[in-house]
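# Coordinate analysis (summary)
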Amino acid sequence: MDKYKNIHKWMIVPMVVMQLGIFTDYWGDFSENAWAVHVHYWTGTVWYLFLILQPYFATHGQIVRHRTLGIIGMFVAGGVCMTALSMLYRDLVNADNARLQPERFGPFEPSFFYGVAVVEIVMMTAFGYAVIKSIIHRKEIENHSWWLISTVFLIMTPALGRGLTNVWIGINFADWPNIDITAPGYVTQALIIGMVVVAAWKFGTLRHPATYLAIGVNLFVLLSGPLGRSETLQAILNAMI
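For clarity, every value in this text was computed on a predicted model and none was experimentally measured. (Residues numbered from 1 in each chain as written. Predicted model: local features only at pLDDT ≥ 70, side-chain atom pairs only at ≥ 80, totals over all residues. Heavy atoms only, no water.)

## Section: the environment of leucine 206
- Here leucine 206 is to be found in the loop between α10 (182-202) and α11 (209-220).
- Leucine 206 gets classed as partly exposed once you look at its relative accessible area, which sits at 38%.
- In this structure, the C-alpha to C-alpha distance between leucine 206 and valine 196, residues ten residues apart in sequence, is 8.8 Å. (Helix = DSSP H or I, 4+ residues; strand = E, 2+ residues; numbered from the N terminus. Buried < 20%, exposed > 50% of the residue type's maximum accessible area, 1.4 Å probe, protein only.)

## Details of the nonpolar core
- In terms of nonpolar packing, the biggest core is built from 49 residues, with Trp47, Phe127, Phe153 and Ile155 touching the most fellow members.
- Breaking this core down by element, the ones donating at least two residues are α2 (12-27), α3 (35-59), α4 (63-86), α7 (110-136), α8 (141-154), α9 (157-171), α10 and α11.
- Among the elements that take part in this core, α3 stands out by supplying eight residues, more than any other.
- For tryptophan 47, the contacting residues outside a window of four places in its chain are Gly73, Met74, Val76, Ala77, Val80, Phe127, Val131, Leu148, Thr151 and Ile155.
- In terms of nonpolar packing, the next biggest core, distinct from the first, is built from 14 residues, Leu88, Ala98, Tyr114 and Leu237 among them. (Core = buried A, V, L, I, M, F, W, Y, C linked by side-chain atoms within 4.5 Å. Contact = heavy atoms within 4.5 Å.)

## Considering the confidence of the model for the protein
- With 98% of its residues at a pLDDT of 70 or more, the protein shows a mean pLDDT of 91.
- At the level of individual helices and strands, the protein shows its lowest average pLDDT in helix α1 (residues 7-10), which scores 81, and its highest in α11, which scores 97. (pLDDT = per-residue confidence, 0-100.)

So this is what it looks like as structure tokens:
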């Protein structure tokens, strides 16, 4: 238990990274965001807050509060997952709009949004799996805690990726629409995987299945380009969503 006594402080780092990444994208056009976007943003934010508070309660003699909040947390986790999946339709709408109005979307071709939809399905499936594993192993401190901690790295890509992409476009705006938008994607995944490895090394969980899952999902995100260009996957997504 002592090993995790200060883990709540470390969990502030991914929280700050996520908020900085999504800040301009969410708050910059706050009033124009759809209701689903607001719900997803706030359930995601509350989930990150849970993963700061819960380790603190567990390691500072507040086990009853930890358990009560944990039950509420499972409800929040379901909200994160379901609200993310409910917004997949928006990716397909953006793909159609990018096809009809290429001058408006510039470097963001229809395949980009199909790729985003594919990786978001994988991310949220992995997120749900990690939460379920944490419930199964709720009596094993290391397994329970690390499965939950891994979730922050499973769902960080959309926020951090958007933030870095906005910065990259701002730097290279003179070249619009001929901007290579793959570069910020590689930087995003390198930063997240780096955080996973550092956190796992710090808490002795480098060989934990949750660590492998977090690294694997973030490597999978790098395949969004070729996946989005697959006409077969496009047809499947259009039929499903």
